[in-house]
Amino acid sequence: MVETLPMDEKYKVHMSKYFEEYNRSLTDMDGFWNEKAKIIDWFKPFDKVLDDSKKPFYKWFINGKTNMSYNCLDRYIKTEKRNKVAFIWVSEKGDEKMVTYYGLYRRVNAFARGLLNLGIKRGDKVTIYMPMILETPIAMLACARIGAVFNVVFSGFGEEALAQRINDSNSKTVITADGGYRKGKIIELKNLVDKAIDLSRGVDNVIVVKNANNKINMEQDRDYYYDDIIEEGYVKPEELDSNDPLFILYTSGTTGKPKGILHGNGGYPVWIANTLKWAFDPKDEDRWWCAADIGWITGHSYIVFAPLLLGLTSIMYEGAIDHPKPDRMWDIIEKYGVNILHTSPTAIRLLMKYGEKYPKGHDLSSLKTLGTVGEPINPAAWHWYYEVIGKNKCPIIDTYWQTETGGFTVSPSLNLGIPDLKPGSATFPLPGIEPAVFDENGNNVKPGEKGYIVIKRPWPGLMLTVNGDDKRYIETYFSKFKNKYFMGDYAIKDNDGYYWLLGRADEVLKVAGHRIGTMEVEDGLVSMKEIAEAAVFGKPDTIKGDTIIAFATLKDGYDKSPELIEDIKKRIKNNLGPIMVPEEIHIVSAVPKTRSGKIMRRVIKAVYLDQLPGDVSTLENEASVDEIRKAVEIIKGGD
Ligand code: WT7
């Protein structure tokens, strides 16, 4: 039995508005989006809402010209918002900086001029490898202003992961900082950039923000300090086409290298601004805190762009949410009077583990609404969040979406009217989203049955393509079910029409809400001189969702030892980044594979978790009974 949590009448009065808007978005798509696209300003209005003549390469707001930086800044500086705080930045050490819309406008212009002076122009690709400091959104907005396509790489990635993203995006410019803080330690970002450049093709410019004041090496005629290149003044925002690229953001897939997800200048802002408004209904006087990292899509869409597009005050926190003490999050909420908090189930579970005494030591009464994102939320964490943090009065907005969708897709909608909540369900699709749950053959499964969630029609936030790889875009997202967007997750739609998201249906792990491709970690392992073969899978973890487990074989001439395992972990940390380090690496005599050479990840996982014999039917696609038996022998006979 699934429990239902009745929402206050004050929310329910509008539920009819949700159905009205939702139905209109599907039956009168043109009329709906003509109206909703007005959430941003257009230099030149579009002639047509959607061009679907080259499916699945959908184009939105045809021939419309606009600019993200203009929409986030210029249109507010002549209004009463000019002196409103755009970002409240809080450092891990507890320092704070506030920047107004006008201040941000000036800083973005000054940096845009600096970029132009270095010869960076419209269409150029720029990699941004930065800690969570104000210069990060400034760099993104400055690139957007001049039409340079930015590619933010999470500062927790290592040198090889960075090099791969610099190369694949074809960036000739890297923007970084000397260092960033994480749990009191300095991450030497500039040094990592130097190493990544050694592995890359021709980076011409490196721009360095002085932040941690750690010792760095500056190369003549290549490396410039941010402070030395900025130049006050006005830079006219480029009139970009709605379907010109805005940014690339890499995310992990099931096969091969990470995919560069490409989002555009028109559809993306329209989608994220509307979805933030629908889901959270933020008010002008609210303080909004999306506690994510700008290195991921959540930070792009809901720390930086959507809050600015709506003219809100957005909190940006530099460090770890439990540093220096487990009450850091509650401390920030109290100190800054945060009204809306959006965070992840991993964060909630971690803070829940520390106990109630930490939130109870703070006045959290400013909170009105709570959000969760990144992975399915288990009912226990949901209840703790609702009761202990929200004091039974803050609706929980569980937003289900992904890098590729640009913004929220399934989520309760406070602005249009939320349904009674069911802990663990993201509830209903937002306007414009037409989901379905399919079986293997593309037929709808019955209500209450598990299947694959798809979206049956395009919406403005859908990615443009995979950067430089149209084929992979089609194969990954539109081939399993023709012309239906395949999200890669299992879901159930229950009898009341609520969606329950059940996790990935592919070989992608969710470690602390971050997407990690098993293949990426395997590639990292087998690129080491000692390792012959590797298989990686996720072990369920009560806080992080998944932790990474690896089984590997050694090449001839190498012997297993605890020192070797530790050394391998260290190298993964440097090359790929701390989030990709396996918790356990088991050296075995062989990596179980099918006769056709496919690594039997799910079988290995089932044996490891002692779940065999269990539901072998789900493993049948993967291996024969005989192959499974052999795998058991190998894994059980492991180390
Ligand atoms: C994958 C996307 C969405 C921004 C952050 C992660 C999982 C995300 C939820 C949710 C259940 C969720 C899915 C999705 N996911 N939000 N509310 N409930 N699962 O973006 O790295 O692109 O990951 O995260 O598996 O496909 P991402």
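Quick note: structure is the one above.
The following refers to the structure shown. Every value quoted in this text rests on a predicted model; they were computed, and no experiment measured them. (Residues numbered from 1 in each chain as written. Predicted model: local features only at pLDDT ≥ 70, side-chain atom pairs only at ≥ 80, totals over all residues. Heavy atoms only, no water.)

Examining the sheet that holds strand β11 (residues 205–209)
- Here eight strands make up an open sheet; going across it, the order is β12-β11-β8-β6-β7-β14-β15-β23 and the pairing mixed. Pairing within the sheet leaves two strands with one partner each, and these edge strands are β12 (223–225) and β23 (465–466).
- Strand direction decides the pairing type here: strand β7 (residues 149–152) and strand β14 (residues 245–251), joined by two bridges, are parallel. Across the sheet, Phe150 pairs through a bridge with Phe247, a residue of β14. (Pairing = 2+ DSSP bridges. Helix = DSSP H or I, 4+ residues; strand = E, 2+ residues; numbered from the N terminus.)

Here we look at the sheet that holds strand β21 (residues 435–438)
- Here four strands make up an open sheet; going across it, the order is β21-β22-β24-β25 and the pairing antiparallel. Each of the sheet's edge strands pairs with one partner strand only, and the pair in question is β21 and β25 (499–504). Neighbour-to-neighbour, the strand axes of the sheet open up by a mean angle of 45°, direction not taken into account.
- Relative to strand β24 (residues 485–493), strand β22 (residues 450–455) runs antiparallel, the two sharing five bridges. Along β24, the bridge assignment pairs Lys450 with Ile492. (Axes fitted to C-alpha atoms, helices over the stretch in contact; angles between N-to-C directions.)

Some thoughts on empty space enclosed by the protein
- Applying the stated criterion across every chain, the model contains one cavity of 30 Å³ or more.
- If you add up the space inside the largest cavity, you get close to 100 Å³.
- Mapped onto the lining of the largest cavity, the elements with two or more residues apiece are β15 (259–264) and α10 (267–280).
- In the lining of the largest cavity, the residues fall into eight nonpolar, six polar and no charged. (1 Å grid on protein atoms, 1.4 Å probe; cavity = no way out; pocket = protein on both sides within 12 Å on 5 of 7 lines; lining within 4 Å. Points joined across faces, edges and corners; volume = space filled by probe spheres on them. Nonpolar A, V, L, I, M, F, W, Y, C, P; charged D, E, K, R; others polar.)

Some words on the packing of aromatic side chains
- Inspection of every chain in the model, using the stated rule, returns 50 aromatic pairs.
- Among the aromatic side chains, those forming a connected cluster through ring pairs are Phe32, Trp33, Trp42, Phe46, Trp60, Phe61, Trp271 and Trp278.
- One Lys or Arg, Lys97, reaches over the ring of Trp89 and ends 5.1 Å from the middle of that ring. (Phe/Tyr/Trp six-rings, centres within 6.5 Å; stacked < 30°, edge-to-face > 60°. Lys NZ or Arg CZ within 6 Å of the ring centre and 35° of its normal.)

What about the pairing of strand β17 (residues 313–317)?
- Burial of β17 is extensive: five of the five residues sit out of reach of the surface.
- The side-chain alternation of β17 yields two buried faces, one formed by Thr313, Ile315 and Tyr317 and the other by Ser314 and Met316.
- Summarising the sheet, strand β4 (residues 85–90) and β17 pair through four bridges and their orientation is parallel. Bridge pairing in β17 links Val90 to Tyr317.
- In terms of handedness, the path from strand β16 (residues 287–290) via helix α11 (residues 297–309) over to β17 forms a crossover that is right-handed. (Buried < 20%, exposed > 50% of the residue type's maximum accessible area, 1.4 Å probe, protein only. Right-handed = clockwise from strand over helix to strand, strands pointing away.)

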